[in-house]
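Descriptive structure summary
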Amino acid sequence: MASEDGGYRASETFLVLHNIARDLPGNEGLMDASGLEQKKLLICGNEGDGEVNEEVTQTDVEGQTLKESVSNGGESDDGKEMVELKIIWNKNKYDLKMPIDGTGANLKERIHSLTGLPPAMQKVMYKGLLPEDKTLRDIKLTNGAKIMVVGSTINDVLAVNTPKEVIQQEVKAEETKKEPICRQKQHRKVLDKGKPDDIMPSIKGGKERLPTVPLSGMYNKSGGKVRLTFKLEQDQLWIGTKERTEKVPMGSIKNVVNEPIEGHEDYHMMAFQLGPTEASYYWVYWVPTQYVDAIKDTVLGKWQYF
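Okay, so let's go over this structure. Because the structure is predicted, anything quoted here is derived from the model rather than measured.

1. Examining the overall build of the protein
In terms of helices and strands, the protein carries eight helices and 11 strands. For the protein, the residues scored as buried account for 41% of the 306 residues in total. Partitioning the intrachain contacts of the protein with sequence separation of at least 6 by distance along the chain shows that 55% fall at a separation of at least 24. Total accessible area on the protein is roughly 17,900 Å²; 50% of this is exposed by carbon and sulfur atoms.

What follows is the structure, encoded as structure tokens:
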């Protein structure tokens, strides 16, 4: 009887393990234990019987495999062409491997999992602001490419005393009460000089990423020549004149305003708010219209418009 009791105990153990595996999500098709072959249900022998141990171990392994299958849910990267990237954020470096046919939006999700920085708070840059709708292959990313990420966590943003979006709303409300900026006396004296001869060409109605060279040939409020250089790897905007170059951290720029120039709508006048009041605006005239959105996205980040 002792031998038979041991056999039944082994059979009961097998039944419990099998039913647990059957009840896991995705395994509804497993045969109910009551329908198994009799030779598995009525195993007779002692605990040293190798066949009993083999059946129980096999069920246990299957249960573990099913558990792993559930925990690793989602689309697998197996068999896909991969690209290895270097992610740099907040002075930290991360190695990331992902499918080269993934989009910029997919990359932001991967960065989120690495850094905890939500996609909407990210400025991802590779030779300019990285587009979300294009694949990494379209952008021509290669193994070892360095991806710069700029952005603050939600807690950091909430800690700012005067959020940028509040300043933007106040500025827009104030602008609606005034005459067009380009008609104001302080700007007319610069605009009346006419379009600079060496200004960069414009594309009316076009939108382009920032060029790899500085934006040059424009005027500042004194009527002197000014160029804008976007140092993405340092998260800085360099404002250069004949006399000096001012290196401004992009995170310190409170707002960016712009308006088409009357009679020359393919060019804009643009101001960078470097302090808390309008007196801190740094004005730049004759900015090619196709770069206006790219400048604002790079300095403020797309999440500012949400």
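2. Details of the sheet that holds strand β4 (residues 145–150)
The strand order β2-β1-β4-β3 describes an open sheet built from four strands, whose pairing is mixed. Whereas interior strands pair on both sides, the edge strands pair on one side only; in this sheet they are β2 (92–99) and β3 (123–125). Mean inter-strand twist for the sheet, computed between neighbouring axes without regard to direction, equals 30°. Seen against the sheet, helix α4 (residues 104–115) touches β1 (82–89), β2, β3 and β4 and runs at an angle of roughly 135° to β2.

3. Let's talk about unusual backbone geometry
Phi at K140 is positive, roughly 65°, even though this residue is not glycine. Mapping K140 onto the fold places it in the loop between β3 and β4.

4. A closer look at the pattern of salt bridges
With the rule as written, the count across this model stands at eight salt bridges. The shortest N-O distance in the salt bridge between D95 and K86 comes to 2.8 Å. Relative accessible area serves as the criterion here: at 58%, D95 is assigned to the exposed category. The exposure class of K86 is partly exposed, given its relative accessible area of 38%. With a shortest N-O distance of 2.8 Å, K108 and E132 are connected by a salt bridge. Of the two residues, K108 is situated in helix α4 and E132 in the loop between β3 and β4; the sequence distance between them amounts to 24 residues. The class of K108 is buried, set by a relative accessible area of 9%. For E132, a relative accessible area of 35% translates into the label partly exposed. Via salt bridges that share partners, E81, D101 and R137 belong to a single interconnected network.

5. Quick word on the pairing of β2
Relative to β2, β1 runs antiparallel, the two sharing eight bridges. Bridge pairing in β2 places L85 opposite L96. Once β1 ends, the chain turns through two residues before running back antiparallel as β2, passing N90 with a positive phi of about 55°.

6. Points about the sheet that holds strand β10 (residues 264–273)
A sheet is described by the order of its strands in space; here seven strands give the open sequence β8-β7-β6-β5-β11-β10-β9, paired in antiparallel fashion. The open sheet has two edge strands with one neighbour each: β8 (245–249) and β9 (255–261). Taken over all neighbouring pairs, the strand axes of this sheet differ in orientation by 30° on average, direction set aside. Examined bridge by bridge, strand β7 (residues 236–240) and β8 share five bridges and lie antiparallel to one another. Its bridge partner being in β8, L237 is matched across the sheet by V248.

7. Brief notes about α4
If you check α4, its first and last C-alpha atoms are 16 Å apart, about what 12 residues at 1.5 Å a residue would give, namely 16 Å. Turning to α4, its buried residues number three or more, namely G104, L107, K108, I111 and T115. Axial view of α4: buried residues confined to an arc of 100°, hence all on one face. Considering only its buried residues, α4 is in contact with β1, β2, β3 and β4. Positive phi appears at G116, one or two residues downstream of α4, with a value of about 80°.

8. Let's talk about the nonpolar core
Residues L228, F230, F272 and I295 are the most contacted members of the largest nonpolar core, which totals 45 residues. For this core, the element with the most residues is strand β11 (residues 281–288), which contributes seven residues. Counting 20 residues, the second-largest nonpolar core is a separate cluster that includes V83, I100, L130 and V149.

9. Topic: helix α8 (residues 292–300)
Burial analysis of α8 places eight of its nine residues in the buried class, which makes it a mostly covered element. Within α8 the residues assigned to the buried category are V292, A294, I295, K296, D297, T298, V299 and L300. With its phi angle positive at about 85°, G301 sits one or two positions after the end of α8.

10. Notes on the environment of K123
Residue placement: K123 occurs in strand β3. For the pair K123 and L300, spaced 177 residues apart in the sequence, the C-alpha separation amounts to 9.0 Å. Polar side-chain contacts of K123 include one of 3.3 Å to the backbone oxygen of V299.

Conventions and cut-offs
Counting restarts for each chain, with residues numbered from 1 along the sequence as it is written. Selection of residues for local features in this predicted model requires a pLDDT of at least 70, selection of side-chain atom pairs for listing and counting requires 80 or more, and totals for whole chains, interfaces and linings are taken over all residues. Side-chain calculation: all heavy atoms of the structure are included, whereas hydrogens and water are not. Numbering of helices and strands starts at the N terminus; helices are DSSP runs of H or I of at least 4 residues and strands are runs of E of at least 2. Accessibility here uses a 1.4 Å probe with only protein chains present; expressed as a share of the type maximum, an area under 20% marks a residue as buried, one over 50% as exposed, and anything in between as partly exposed. The contact criterion used throughout is that any non-hydrogen atoms of two residues lie within 4.5 Å. All accessibility values rest on the Shrake-Rupley procedure with a 1.4 Å probe; residue burial counts only the protein chains present in the view. When DSSP finds two or more bridges between two strands, those strands count as paired. Helix axes are fitted to C-alpha atoms over the stretch in contact, other axes to C-alpha atoms as well, and angles between N-to-C directions run from 0 to 180 degrees. We count a salt bridge whenever a side-chain nitrogen from Lys or Arg sits within 4 Å of a carboxyl oxygen from Asp or Glu. In this analysis, the expected span of each helix is defined as 1.5 Å times one less than the number of residues it contains. Here the arc refers to the directions that run from the helix axis out to each C-beta atom. Nonpolar core, defined: a set of buried Ala, Val, Leu, Ile, Met, Phe, Trp, Tyr and Cys residues in which side-chain atoms within 4.5 Å join the residues together. Contacts described as polar in this section are N or O atom pairs within 3.5 Å, which, within protein, must combine one atom able to donate a hydrogen with one able to accept it, while residues neighboring in sequence count only if both atoms come from side chains.

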